[in-house]
Every structure is written in structure tokens, then in C-alpha cells.
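# Remarks on the overall topology
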Amino acid sequence: MISEIQAWELTDTNRDWLIHRPVEIAIYVALAVVLRFALHRGIDRMSKPRKSPNAKVNERRSQRARTIGSVLKSTVSIVILVWCVLQILGILGINVAPFIASAGVIGLAIGFGAQNLVRDFLSGIFMLLEDQYGVGDVVDLGDAVGTVETVGLRVTTIRDANGTLWYCRNGEILRVGNMSQGYATAVLDLPIAHNANVHKACEVATRAVLEAAESEPIRADMIDKPEMLGVNSVTAEAITIRVTAQVKPGRQWAVQRAFARSALTAFEEQGIEAPYLPVLR
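Just so we're clear, the structure is a prediction, and the values are computed from it rather than from any experiment.

## Digging into the overall build of the protein
The secondary structure content of the protein amounts to eight helices and eight strands. Looking at the protein residue by residue over its 281 residues, the buried ones come to 31%. Looking at the protein alone, contacts between residues at least 24 apart form 64% of all its contacts between residues at least 6 apart.

## Points about the pairing of strand β7 (residues 227-234)
When a strand is regular, its side chains alternate between the sheet's two faces. Pairing of β7 with strand β8 (residues 239-247) involves six bridges; the strand directions are antiparallel. The residue bridging Val231 from the neighbouring strand is Ile241, located in β8. Hairpin connection, β7 to β8: the antiparallel pair is bridged by four residues.

## Concerning the sheet that holds strand β5 (residues 177-178)
Think of a sheet as strands paired side by side through backbone hydrogen bonds, with each pair either parallel or antiparallel. Read from one edge of the open sheet, five strands run β4-β3-β2-β1-β5, paired in antiparallel fashion. Looking at strand neighbours, the two that pair on one side only are β4 (165-169) and β5, the edges of this open sheet. Across four bridges, strand β2 (residues 145-151) lies against strand β3 (residues 155-159) in antiparallel orientation. The partner of Thr147 across the bridge, within β3, is Arg159.

## Focus: the packing of aromatic side chains
Taken as a whole and assessed by the stated rule, the structure comprises one aromatic pair. On the basis of an interplanar angle of 70° and a centroid distance of 5.8 Å, the ring pair of Tyr28 and Trp83 is categorised as edge-to-face. In this pair, Tyr28 sits in helix α2 (residues 12-46) while Trp83 sits in helix α3 (residues 55-91), placing the two residues 55 residues apart along the sequence. Taking relative accessible area as the criterion, Trp83 reaches 30% and is therefore assigned partly exposed.

## Quick look at the confidence of the model for the protein
Overall, the predicted model of the protein reaches an average pLDDT of 81, with 80% of residues at or above 70. Mean pLDDT per element in the protein: helix α8 (residues 277-280) is the minimum at 45, and β8 is the maximum at 93. The model gives residues 277-281 a pLDDT under 50, and that stretch makes three contacts with residues more than four places away or in other chains.

## Focus on unusual backbone geometry
The phi torsion of most residues other than glycine is negative, and most of the peptide bonds are trans. Residue Glu216 is joined to Pro217 through a cis peptide bond whose omega torsion reads 0°. Within the fold, Pro217 resides in the loop between α6 (198-214) and β7. Non-glycine residue Asp131 carries a positive phi angle of around 55°. As for its placement among the helices and strands, Asp131 is situated in the loop between α5 (115-130) and β1 (138-140).

## Digging into the sheet that holds β7
Here three strands make up an open sheet; going across it, the order is β6-β8-β7 and the pairing antiparallel. Either end of the sheet is taken by a strand with one partner, and the two such strands are β6 (184-192) and β7. Sheet twist, expressed as the average angle between the axes of neighbouring strands with direction ignored, equals 25°. Judged from the nine bridges that link them, β6 and β8 form a sheet pairing that is antiparallel. Considered in β8, the bridge of Ile192 is made with Ile239. Most of the contacts of helix α7 (residues 252-270) go to β6, to which it runs at about 25°, and overall it touches β6 and β8.

Cut-offs used in this document
Residues numbered from 1 in each chain as written. Predicted model: local features only at pLDDT ≥ 70, side-chain atom pairs only at ≥ 80, totals over all residues. Heavy atoms only, no water. Helix = DSSP H or I, 4+ residues; strand = E, 2+ residues; numbered from the N terminus. Buried < 20%, exposed > 50% of the residue type's maximum accessible area, 1.4 Å probe, protein only. Contact = heavy atoms within 4.5 Å. Pairing = 2+ DSSP bridges. Phe/Tyr/Trp six-rings, centres within 6.5 Å; stacked < 30°, edge-to-face > 60°. pLDDT = per-residue confidence, 0-100. Axes fitted to C-alpha atoms, helices over the stretch in contact; angles between N-to-C directions.

Take a look at the structure:
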């Protein structure tokens with residue numbers, strides 16, 4: 001009985017399956033883990049944003065670096081996993097050539113049959129590399145206008161002002177209007193009646209928006225002082241004067257509302273008539 005057990009233990013096949021192959025598998029698994037860790041560290045270092053005196057620029061660079069780094073690390077992990085699995089299958093004696101050939105055929109079929117999917121992925125990669133928009137940006141994608149909630153390689157989700165969540169395929173996005181990069185311009189058009197004193201209306205509106213710009217919390221949104229551009233248009237219904245101000249990105253609408261409230265209150269106090277008011281009297 002003992003001699004039979006010793007003979008079984010010394011069999012080359014058993015030694016190969018119980019010692020050699022598990023050791024080789026463990027080596028490949030350890031190598032894959034170390035390689036993945038090293039590449040992830042390298043990606044983190046390469047995607048580390050450079051510091052800038054502008055805090056907004058630093059935030060933007062950091063957001064872009066995290067997004068690109070996440071995509072690269074996911075790609076690296078998938079490649080290393082596939083390589084490790086193929087090596088383990090080879091150690092177990094499974095012929096991996098049919099798998100590789102099948103993968104090539106499947107990839108060719110996907111290339112012909114899923115061209116839209118491939119276009120979506122390529123468009124998503126270029127959008128990330130070019131930093132066209134990021135999470136939290138207010139964008140106009142043509143069919144959808146709103147705040148970006150997620151940016152993926154295939155789909156970008158947009159939440160509009162009504163709360164509707166739009167799913168936009170990256171390959172179908174032909175133009176991007178980003179209202180959250182760098183700075184924004186608050187534009188306020190004030191209509192007045194034809195018989196109103198235009199010069200006085202401009203002075204009253206200028207004082208009103210300057211006061212609003214110095215009030216809280218609008219002051220924190222301002223980049224430059226408001227500028228009175230004067231008469232912007234003359235129509236049969238009204239004369240329109242325009243005021244603009246350079247503000248932080250995404251804050252132009254709040255500033256416009258504050259300016260409008262202050263200017264309309266000042267017009268009422270100073271007797272600046274609104275369009276149609278003489279007719280209604």
C-alpha cells in the first residue's frame with residue numbers, strides 16, 4: 001500500500017499538475033498584478049495635472065485628468081486580464097489559437113456590423129482628449145441643452161431645465177456649445193417706450209446694475225464690471241438697450257435675473273415707461 005502511494009506521488013504527470021503548473025499559474029497571476037499596479041501608477045503620474053494660478057483652470061485640469069486616467073486604467077486592466085487568462089489556458093494545455101482566431105473574426109464582424117458603435121467610442125475618446133465638456137458643464141448639443149451628468153465613451157447624459165435626462169450618443173453629436181468654460185457673458189436687454197428718454201434710461205439702468213453687481217451674492221459671480229452698450233435695437237414696438245457683464249461660467253443666468261430685477265425697479269421709480277404703456281392708458 002505504501003509503495004503504491006509513493007509511486008503515485010512520484011508520477012511525472014501528477015508532479016506536473018500538482019506542482020509545476022500551479023506554480024506557473026501563480027507566477028503569471030503575480031506578474032499580472034504587479035504589471036497592472038505599475039502601469040496604473042504610471043498612468044496616475046502622467047495624468048497628474050499641472051498647477052496653475054487660476055483655481056478654475058486647476059479644477060478643470062484635475063477633472064479632465066481623472067476622466068482620462070480612469071479610461072486608460074480600465075483599458076490596461078482589460079488587456080492584462082485577457083493576456084493572463086490566455087497564458088493560464090496555455091499552461092492548462094488548452095489550445096488558445098482558436099480563441100485568438102475567433103476573436104479576430106468577431107472583431108472583423110463587429111467592425112462591419114457595428115460601425116455606429118465604433119464611431120460612438122471613437123467620438124467619445126476624442127471628446128475626452130480634447131476636453132470638449134465635462135461633468136457639471138452646461139452645454140448645447142443641438143438636440144439637448146442642459147447640465148452634463150455623465151460622460152462615457154459611448155453615451156453622454158444631459159439633464160435639461162425641466163429635469164428630463166437625455167442620452168446622447170457621442171457619434172451623433174455634431175457640435176458642442178459649452179457655456180461653462182473660461183467665462184460667460186450675462187446679457188440683459190431692457191425694452192423701453194419710444195417716448196422715453198433714452199439717455200436717462202441708460203443712466204438709470206447703469207446705476208441699477210452696478211448696485212446689483214456689488215450686492216451679495218452676485219459680487220462673487222462677477223469677473224468684470226457691467227458695461228452699458230446703449231441702444232441695441234429699434235422696432236415698431238420698443239427701443240431696446242443692452243447691458244453686458246463678464247461673469248463666472250454657469251452664473252450668467254443668475255446675474256441676468258438680478259440685473260433685470262434691479263433695473264426694472266429703478267425704471268419704475270424714475271418713471272421710465274415700458275412699451276405699450278401709453279396705449280394701455
